[in-house]
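# Chain and residue survey
Chain by chain, the residues run as shown.
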Amino acid sequence: PGWTPQTEQEKRIAYMLFAPPDQALANILQAGLGMADPKLASVLIEDAVETRKALLDWGARFDQQGLRSHGVPIMEAVRGQLHKTDAVVHDRTMISDLLVHDGECVGAVGVDENTGETVVIQAGAVILGTGGDANLFLHNLNPDDTCGDGYVLGYNAGAELTNLEFKQIFLGTVYPTRNMLLQPLPTHVRLMNAREKEFLPDYLPKGATADECLRQRNGHNPFSTRDTLSRYLDIAIVNELRAGRGTDHNAVLLDRTDERIPPLTGPRSEFWAYRGIDFSQPVEISTCHHCSLGGLRIDVNGETTVPHLYAAGEVAAGPHGADRMGGHMLLASQVFGARAGKHAAAFASGQKQRDMPGKVSAQAEERIESLRRGDGASEPEPFRAALHHYAYFKLLVTRSAHSLASFLGDVKGISEELSRFTVTDPGAIIETLELQNLLLLAHIEAEACLMRTESRGPHYREDFPRQNDAEWLRNVVVKKAGDSPQVTTAVIDPSWKDLGDDKIGYWG
Ligand SMILES: Cc1cc2nc3c(=O)[nH]c(=O)nc-3n(C[C@H](O)[C@H](O)[C@H](O)COP(=O)(O)OP(=O)(O)OC[C@H]3O[C@@H](n4cnc5c(N)ncnc54)[C@H](O)[C@@H]3O)c2cc1C
């Protein structure tokens, strides 16, 4: 109440927040550039109000911390409910494989981080809520445990994945703290490399200005090819870093230190101050992985293509497409989390515990045991750092057949080194399992990006720079076939038409 949107961006946010349901659905589908599943997007809108009400009933307070809170009130409310049940919680346990028997998911295997012991859990149904894959990339805005495990768990269990080529990429600070830089960027900034050169103009097409590039980039948070110029900011940053003209922390400098510039005010400046971002000196920033829009294919109940295996949150794909509406990642996690929970519980509670032959878990247990054999002298960190670096420069902002083929070669090389690994302490076992997962995921994602020979939203192919609706209103689908990913396409929204960017409330 009492809020009057002032800026162009605020007006678009207001339009999104107060859109009636049919307009909200149309917004999602337009933002998704034909890659969102209309059935899942409809469910997202239908269940939104009820889901929010349930969270409020559980004590979630969304209004207290403004920009600082993000998902925290949701986590607190859900955790509060969990502790009221008699559920057994295996805290600090990494699930490394799912158990599949007769084509159905029947449980999971993991490692207890404290003891290093292998844990085998039989279950009527399994719901994955393992988040995204941000830690595949050198610069990202997520906690360190977001390693794409869920995608790989589902893939190895035989589930289909889709939209893996669509990543949200935001500007963020890199050092001394890691934070997203909310758009619009602070006014009157200069963007410089470590040699104090303003580099953006070097990357712009003839006749384009840096001001217009920044104006377009300020219209949305994520990197995208849907407008004409904004992409060049991220492309310029990555290329400067690639050329070795970044700082020691692989960053460029955002400089707002000229004393003639008026000080920053308003909620964004409060947010930056709260997160320790100090604009009285040049700030080290880069273009960073923010969140992933693809993942396991689910139906309206959150069930994947493997019976009794469910997915919700960033690990699941479909309610969003190539780009998404702001706030909808958290909304989707709650809407499909609730649906998956109800559906899985209804199935599992009607089941007797099934007999499970020992061989079902033997392979998963052997994956862990094989790491323990040997002298335990291996050190995963240097390999992880190398993978981060390659993935950031060859798989994230700019992609081409050449960079992706080169990246697949890097992944193969690290995977071969890793096959000789032996580790003994529990932390190193978990790090190595995560690295194995990241390598497999890197392979799958590179194949998906190779398949899409066009640019769409955040998927930018230097060798195919245009969106090609005539051939590519199709989703790339990946599934395990033997030891390799099988990459195909499927049409998920046959009636989609591009109505133009200005028809979307606010995406970002
Ligand atoms: C800085 C930032 C700001 C954002 N702001 C917004 C916003 O305003 N609105 C919005 O809609 N979205 C936003 N997003 C995106 C959104 O926050 C995420 O997509 C969402 O939090 C993901 O929730 P999740 O429950 O799927 O996964 P997560 O919150 O990442 O949780 C996954 C959990 O699974 C655990 N896990 C992972 N692998 C395993 C394993 N193998 N075994 C056991 N446990 C495992 C992890 O430890 C973690 O606890 C933001 C993202 C970032 C990075």
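One can find the structure itself at the top, above this paragraph.
Calculation notes
Residues numbered from 1 in each chain as written. Predicted model: local features only at pLDDT ≥ 70, side-chain atom pairs only at ≥ 80, totals over all residues. Heavy atoms only, no water. Helix = DSSP H or I, 4+ residues; strand = E, 2+ residues; numbered from the N terminus. Contact = heavy atoms within 4.5 Å. Lys, Arg positive; Asp, Glu negative; His and termini not counted. Charge placed at Lys NZ, Arg CZ, Asp CG, Glu CD. Phe/Tyr/Trp six-rings, centres within 6.5 Å; stacked < 30°, edge-to-face > 60°. Buried < 20%, exposed > 50% of the residue type's maximum accessible area, 1.4 Å probe, protein only. Core = buried A, V, L, I, M, F, W, Y, C linked by side-chain atoms within 4.5 Å. Domains from an automatic or database assignment. Axes fitted to C-alpha atoms, helices over the stretch in contact; angles between N-to-C directions. Parallel < 35°, antiparallel > 145°, perpendicular 65-115°, else oblique. Nonpolar A, V, L, I, M, F, W, Y, C, P; charged D, E, K, R; others polar. Near = heavy atom within 4 Å. Polar contact = N/O pair within 3.5 Å; in protein donor to acceptor, adjacent residues only side chain to side chain. Areas by Shrake-Rupley, 256 points an atom, 1.4 Å probe, with all protein chains shown as cover. Pairing = 2+ DSSP bridges.

### Concerning the overall build of the chain
The helix and strand inventory of the chain stands at 14 helices and 15 strands. Partitioning the contacts of the chain with sequence separation of at least 6, the portion at a separation of at least 24 is 71%. Treating the 50 positive side-chain charges of the chain as one cloud and the 68 negative ones as another, the clouds have centres 4 Å apart.

### Some words on the packing of aromatic side chains
A full pass over the atoms with the stated rule returns four aromatic pairs. Consider the rings of F223 and Y460, whose centres lie 6.4 Å apart with planes at 75°: the pair is edge-to-face. Of this pair, F223 sits in the loop between α6 (210–217) and α7 (231–242) while Y460 is found in the loop between α13 (426–451) and α14 (469–472), placing the two residues 237 residues apart along the sequence. Take F223 and Y460: they sit in the same class, and that class is buried. Between the aromatic rings of F383 and F421, the centroid separation amounts to 5.4 Å while the plane-to-plane angle is 80°, which identifies the pairing as edge-to-face.

### Section: the nonpolar core
Judged by nonpolar contacts, the single largest core of 70 residues is most densely connected at L136, L181, L233, L387, L395 and F407. No other element matches the 10 residues that α13 contributes to this core. Here this core gathers at least three residues from each of two domains, domain 1 (8–166 + 293–355 + 499–503) and domain 2 (169–290). The residues touching L395, leaving out its near neighbours within four places in the chain, are L136, F137, Y390, L404, F407, E445, A446 and C449. Formed by 55 residues, the second largest nonpolar core is a distinct cluster that contains M16, L98, L441 and I504.

### A look at the packing of helix α5 (residues 149–157) against α13
It is the contact of α5 with α13, at a shortest axis distance of 9 Å, that shows an interaxial angle of 75°. Regarding the angle of α5 to α13, the classification is roughly perpendicular. In this structure, α5 uses D149, Y151, V152, Y155 and N156 to contact α13, whose residues at the interface are E434, N437, L440, L441 and I444. A breakdown of the residues in the contact of α5 with α13 according to their chemical character gives six nonpolar, two polar and two charged.

### Let's talk about the site of the ligand
Surveying the vicinity of the ligand reveals 20 residues, the closest of which are I95, D145, D149, E314 and L330. The separation between an oxygen atom of the ligand and a polar side-chain atom of E314 is 2.5 Å. Surface burial for the ligand is 71%, taken as the share of its 1,000 Å² of free accessible area covered by protein chains. Taken together, the residues of the shell around the ligand break down into six nonpolar, 10 polar and four charged.

### A look at the sheet that holds strand β2 (residues 104–112)
On the basis of which strands lie adjacent, the open sheet formed by three strands has the order β1-β2-β3 and antiparallel pairing. The two strands at the open ends of the sheet, each matched to only one other strand, are β1 (93–101) and β3 (118–122). Geometrically, the sheet is characterised by an average inter-axis angle of 25° between neighbouring strands, direction not taken into account. Note that β1 and β2 share eight bridges and pair antiparallel. Bridge pairing in β2 places V100 opposite C105. Across the sheet, α13 lies against β1 and β2, angled at about 55° from β1, the strand it touches most.

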